[in-house]
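Now for the letters of each chain:
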Amino acid sequence: MAIIAWSGTADKLYPVAILASAAAATGWEVEVFFTFWGLNAIRKELLNTPPKISADFSEYAPAVMEAIKKMNYLPWHELLRQAKAMGNVKVYACSTTMEMFSIKDKSALADFVDDVVGVATFLERAKDAAVTLFI
Amino acid sequence: MAIIAWSGTADKLYPVAILASAAAATGWEVEVFFTFWGLNAIRKELLNTPPKISADFSEYAPAVMEAIKKMNYLPWHELLRQAKAMGNVKVYACSTTMEMFSIKDKSALADFVDDVVGVATFLERAKDAAVTLFI
Amino acid sequence: MAIIAWSGTADKLYPVAILASAAAATGWEVEVFFTFWGLNAIRKELLNTPPKISADFSEYAPAVMEAIKKMNYLPWHELLRQAKAMGNVKVYACSTTMEMFSIKDKSALADFVDDVVGVATFLERAKDAAVTLFI
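Quick look at the structure, then.

Rules used in this analysis
Residues numbered from 1 in each chain as written. Chains lettered and ligands numbered in written order. Predicted model: local features only at pLDDT ≥ 70, side-chain atom pairs only at ≥ 80, totals over all residues. Heavy atoms only, no water. Least-squares fit on C-alpha atoms with pLDDT ≥ 70 in both. Pairing = 2+ DSSP bridges. Helix = DSSP H or I, 4+ residues; strand = E, 2+ residues; numbered from the N terminus. Axes fitted to C-alpha atoms, helices over the stretch in contact; angles between N-to-C directions. Contact = heavy atoms within 4.5 Å. Buried area = accessible area lost by both parts, 1.4 Å probe. Salt bridge = Lys/Arg side-chain N within 4 Å of Asp/Glu carboxyl O. Polar contact = N/O pair within 3.5 Å; in protein donor to acceptor, adjacent residues only side chain to side chain. Phe/Tyr/Trp six-rings, centres within 6.5 Å; stacked < 30°, edge-to-face > 60°. Buried < 20%, exposed > 50% of the residue type's maximum accessible area, 1.4 Å probe, protein only. Lys NZ or Arg CZ within 6 Å of the ring centre and 35° of its normal. Right-handed = clockwise from strand over helix to strand, strands pointing away.

**A look at the relation of the copies chain C and chain B**
Mapping between the two copies of the chain is achieved by a rotation about an axis and a shift along the axis. The transform that puts chain C on chain B rotates by 120° and translates by 0.0 Å along the axis, for an RMSD of 0.0 Å. In the structure described here, the two chain copies are related by an operation that fits a three-fold rotation axis.

**Remarks on the sheet that holds strand E5 (residues 132-134) of chain C**
All names here are of chain C. One open sheet accounts for 5 strands, arranged E4-E3-E2-E1-E5; its pairing is parallel. Bordering the open sheet on either side are strand E4 (115-117) and E5, each of which pairs with just one other strand. Pairs of neighbouring strands in the sheet enclose a mean axial angle of 25°, with direction left out of account. Here strand E2 (residues 29-34) runs beside strand E3 (residues 88-94); their pairing, made up of 6 bridges, is parallel. Each bridged residue has a counterpart across the sheet, and for Phe33 the counterpart in E3 is Tyr92. Running over the sheet, helix H1 (residues 10-25) touches strand E1 (2-5), E2, E3 and E5 and is turned about 160° from E2. Where helix H6 (residues 119-126) meets the sheet, it contacts E1, E2, E3, E4 and E5, and its direction lies at approximately 160° from that of E2.

**Some points on the interface of chain B and chain A**
Every contact between the two is made by 29 residues of chain B and, on the other side, 28 residues of chain A. Buried area between chain B and chain A, summed over both chains or domains, comes out near 2,300 Å², and the portion from carbon and sulfur atoms is 74%. A per-residue breakdown of the area chain B buries against chain A is headed by Trp37, Leu123 and Phe134 of chain B, which together make up 28% of the total. Counting every contact that joins chain B to chain A gives 1 salt bridge. Between Lys52 of chain B and Glu59 of chain A there is a salt bridge; the shortest N-O distance is 2.9 Å. Connecting chain B to chain A are 7 residue pairs in polar contact (both at pLDDT 80 or more). Take the side of chain B that touches chain A: its biggest share by element is 5 residues, from helix H6 (residues 119-126) of chain B.

**A few points about the packing of aromatic side chains**
Enumeration according to the criterion identifies 39 aromatic pairs over all chains in this entry. On the numbers, 4.7 Å between centres and 20° between planes, the contact of Phe33 of chain C with Phe122 of chain C is stacked. Taken together, the positions of Phe33 of chain C in strand E2 and Phe122 of chain C in helix H6 put the pair 89 residues apart, joining distant regions of the chain. Residue classification places Phe33 of chain C among the buried positions, given a relative accessible area of 3%. Taken together, the aromatic side chains of Trp6, Phe36, Trp37, Phe101 and Phe134 of chain A together with Phe57 and Tyr60 of chain C make up a single cluster linked through ring pairs. Between Lys12 of chain A and the ring centre of Trp6 of chain B, over which it is positioned, the NZ or CZ distance is 4.7 Å.

**Some remarks on the pairing of strand E1 (residues 2-5) of chain B**
On any regular strand, side chains alternate: one points to one face of the sheet, the next to the other face. Residues and elements named next belong to chain B. Both faces of E1 are covered, namely the face carrying Ala2 and Ile4 and the face carrying Ile3 and Ala5. By the bridge criterion, 4 bridges tie E1 to strand E2 (residues 29-34) in an arrangement that is parallel. Opposite Ile4, over in E2, you have Phe33 as the bridge partner. With helix H1 (residues 10-25) bridging E1 and its parallel neighbour E2, the resulting β-α-β unit is right-handed.

Set out below in structure tokens:
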């Protein structure tokens, strides 16, 4: 499975982490490519800021955040870290977006990032995936 | 074709229904997995509320709704029901989201839902799909 | 690679163009199907209006637009035009959306549109793609 993680809202980052988790648990290889707002969301200093919910559904945001807490769900980035510990999950940061956001290198990003690569490199890896998703 | 129907706005639910419809009409097997806001949108009591349009394009919402009416387009969920009647379309509800929204069982959802499954089960079915989309 | 370009904001149209560009540069065949807000964004009269950024991230919009300018990035539609000149990229406009927005024919759209087709025709072409994305 190859996922392009473009979005930076919690309601889309949870699916990224949950899909990676479920796929890793059943033995799949998973590649996640963080780009644009997704890359912004994994900057170390933003990782633990209060999560955003899509503007389209902001009226539900408090209830959803409450439900996630009640279910004792981990933050999405902890779920992704668990998925990496458990299975074959690789995480990439988009080099073009790094330049756009003036991020020097991967030390500024969450420690679960394996490598900084360009989109061509990612596509090369994605082309054998059974499931490809832009989230 | 395997679709993860994540969004709950009409401008994304129409593509879900139209893609399912077109694929079913040409004999494809289609699997649709409603999750997050997509699952919320198929609760029985929300199915017939006035449809929402993405916040990004809200300035066009009245014109689009008017155009859909003028074209005599069915509501998106009627299109999906038609696609099911016509071809090989299976509709699943995400069990994790059910728990998050405190939805007890599928009797609270639109009658076109075939089953409540976890993401791992859905991925198992999606892995042989020629086309996989997160909408 | 087959891309359904549904969105009309610059932060999603850039990925469409960059992915098409990277894929074309490495010799892939690329098919892009503009639909809904994506189709609206390639109307001739809207192509050069100031680009929109997703409402979810509007607080970053000025900084991102500034960064894109500083990096001397072409507008997304120029990138897509370059990708077409360089490689095997086909661009389609969704016939259903044309009708919905009362667009008569492809003369009203950007000149990089190859053809107006229905979703069934696009799916037929997408089914052999190694990577399928809904953006």
